[in-house]
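Per-entry structural report
Residues per chain are reported as follows:
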Amino acid sequence: TMKYNPKFSEKMASLEGFALTHPMQPVDMVQGNLELIYELEKILSVIGGIEAVTLQPAAGAHGEFTGLLIARAFHEAKGEERDEVILPDTAHGTNPASGAMAGLKVIEIPSEGDGCVNIEALEAALSNRTCAFMLTNPNTLGIFERRVREIAEKVHAHGALLYYDGANLNAVMGKTTPGKMGFDIVHFNLHKTFGTPHGGGGPGAGPIGVTKELEKFLPVPRVLKLVKDDGSIKFDLHHKLPYTIGKIH
């Protein structure tokens with residue numbers, strides 16, 4: 001796990017435009033900040049093979065919690081009561097903790113002898129109560145889940161969502177994406193794959209990405225890019241989304 005920033009990142013973060021920005025400044029005074037947020041969301045969307053991203057979660061575990069709240073909101077909007085989350089016994093410890101905090105019953109399934117998901121155990125655990133299946137790929141043992149598309153099909157066949165824990169995204173980044181594997185919700189551990197400090201009270205970040213049908217549930221505010229009649233561009237904050245899970249940071 002990467003624990004330190006490259007020095008140039010520290011230098012960029014200390015620029016006045018970042019270091020002296022106040023959270024209550026009007027949007028007209030923070031256009032550069034909003035543009036960077038907007039562009040980074042788009043970049044992470046491409047890296048994740050996913051439709052939309054929010055930078056709001058303050059850590060990987062916070063991203064998990066946010067993603068599961070979105071999964072719950074998605075099912076509730078369809079009038080479905082789904083109160084279970086499934087995860088393999090190789091899952092990172094934050095996975096069951098996030099599931100419990102989101103008000104879900106955590107169901108753990110065993111792995112096969114090779115360390116990958118036991119498909120039969122997954123099928124036995126899936127039901128119309130399943131909200132989501134959380135999976136890291138490559139998993140915590142460092143093994144790539146070769147049957148991930150089959151896993152996605154089985155999860156989706158039961159109306160549930162597939163959640164990607166991005167702890168090991170750097171093992172596949174640039175070669176494939178969670179979106180291509182069939183994941184609906186993706187979280188990025190920026191302290192592992194990129195260059196955000198980990199722990200120690202530093203500025204945490206755990207962005208999550210979602211598919212198009214889940215985008216309307218993302219937390220607010222969302223950064224919007226507006227093109228005026230004269231061709232100029234302005235960035236604004238959009239708070240009024242009817243299906244949003246609300247503000248999480």
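Before going into details, it helps to say that this report is about the structure given with it. (Residues numbered from 1 in each chain as written. Predicted model: local features only at pLDDT ≥ 70, side-chain atom pairs only at ≥ 80, totals over all residues. Heavy atoms only, no water.)

1. Let's talk about the overall build of the chain
Broken down by element type, the chain carries nine helices and nine strands. For a compact globule of 249 residues, the expected C-alpha radius of gyration is about 18 Å, and the chain comes in at 19 Å, within 12% of that figure. For the chain, the spread of C-alpha atoms along the three principal axes comes to 55 × 45 × 30 Å. Counting over 249 residues, the chain shows a buried share of 45%. Entry remark: accessible area of the chain is about 12500 Å², with carbon and sulfur atoms responsible for 56%. (Helix = DSSP H or I, 4+ residues; strand = E, 2+ residues; numbered from the N terminus. Rg over C-alpha atoms; globule rule 2.2 N^0.38 Å. Buried < 20%, exposed > 50% of the residue type's maximum accessible area, 1.4 Å probe, protein only. Areas by Shrake-Rupley, 256 points an atom, 1.4 Å probe, with all protein chains shown as cover.)

2. Concerning the sheet that holds strand 1 (residues 52–54)
To summarise the sheet geometry, strands pair through backbone hydrogen bonds and adopt either a parallel or an antiparallel arrangement. Ordered in space as 1-7-6-5-4-2-3, the seven strands form an open sheet in which the pairing is mixed. Each of the sheet's edge strands pairs with one partner strand only, and the pair in question is strand 1 and strand 3 (105–109). Going from strand to strand, the sheet's axes swing by 25 degrees on average, the running direction of each strand aside. Taken together, the three bridges between strand 1 and strand 7 (residues 208–210) define a ladder with antiparallel strand orientation. Looking across to strand 7, one finds that T54 is bridged to I208. (Pairing = 2+ DSSP bridges. Axes fitted to C-alpha atoms, helices over the stretch in contact; angles between N-to-C directions.)

3. Brief notes about the packing of helix 4 (residues 60–77) against helix 5 (residues 94–101)
Where helix 4 contacts helix 5, the axes come no closer than 9 Å and their chain directions differ by 45 degrees. Between helix 4 and helix 5, the angle falls in the class oblique. Between helix 4 and helix 5 lies a crossing of right-handed hand. On helix 5, the residues that touch A61, E64, F65 and L68 of helix 4 are T94, N95, S98, G99 and M101. Looking at the contact of helix 4 with helix 5, its residues break down into four nonpolar, four polar and one charged. (Parallel < 35°, antiparallel > 145°, perpendicular 65-115°, else oblique. Left-handed = near helix turned anticlockwise from the far one by under 90°. Contact = heavy atoms within 4.5 Å. Nonpolar A, V, L, I, M, F, W, Y, C, P; charged D, E, K, R; others polar.)

4. Focus on the pairing of strand 8 (residues 222–227)
Pairing analysis gives six bridges linking strand 8 to strand 9 (residues 233–238), with the strands arranged antiparallel. Counted as the bridge partner of R222 is H238 from strand 9. Following strand 8, the chain reverses through five residues before pairing antiparallel with strand 9; G231 in that reversal takes a positive phi of roughly 90 degrees.

5. Details of unusual backbone geometry
With an omega of 0 degrees, the peptide bond running from N137 to P138 counts as cis. Checked against the element boundaries, P138 lands in the loop between strand 4 (130–136) and helix 7 (148–157). Cis geometry is found at the peptide bond from V220 to P221, where omega equals 0 degrees. Positionally, P221 belongs in the loop between strand 7 and strand 8.

6. Some thoughts on the pattern of salt bridges
According to the stated counting rule, one finds ten salt bridges in the structure shown. Salt-bridge contacts for R72 lead to E76; the nearest nitrogen and oxygen are separated by 3.5 Å. Of this pair, R72 and E76 both sit in helix 4, four residues apart, which is roughly one turn of that helix. E76 gets classed as partly exposed once you look at its relative accessible area, which sits at 49%. A salt bridge links K78 to E80; the nearest nitrogen and oxygen atoms lie 4.0 Å apart. The network of salt bridges with common partners includes K78, E80 and R82. (Salt bridge = Lys/Arg side-chain N within 4 Å of Asp/Glu carboxyl O.)

7. Side note on a nonpolar patch on the surface
Residues F8, M12, L15, F18 and L36 make up a contiguous nonpolar surface patch of roughly 510 Å² in combined accessible area. With respect to the helices and strands, M12 occurs in helix 1 (residues 7–13). Residue class for M12 comes out partly exposed when judged on its relative accessible area of 41%. (Patch = residues over 30% accessible without salt bridge, like charges linked within 9 Å, V, L, I, M, F, W, Y side chains within 5 Å.)

8. Details of helix 3 (residues 31–48)
With 18 residues, helix 3 extends 26 Å between its outermost C-alpha atoms, agreeing within 8% with the 26 Å of an ideal straight helix rising 1.5 Å per residue. For helix 3, every residue scored as buried is listed here: L34, Y38, E41, L44, S45 and G48. Axial view of helix 3: buried residues confined to an arc of 130 degrees, hence all on one face. Structurally, helix 3 contributes buried residues whose contacts are with strand 1, helix 8 (178–181), strand 6 (185–188), strand 8 and strand 9. Where helix 3 ends, the next residue or the one after it, G49, has phi of about 65 degrees, a positive value. (Expected span 1.5 Å × (residues − 1). Arc of directions from axis to C-beta.)

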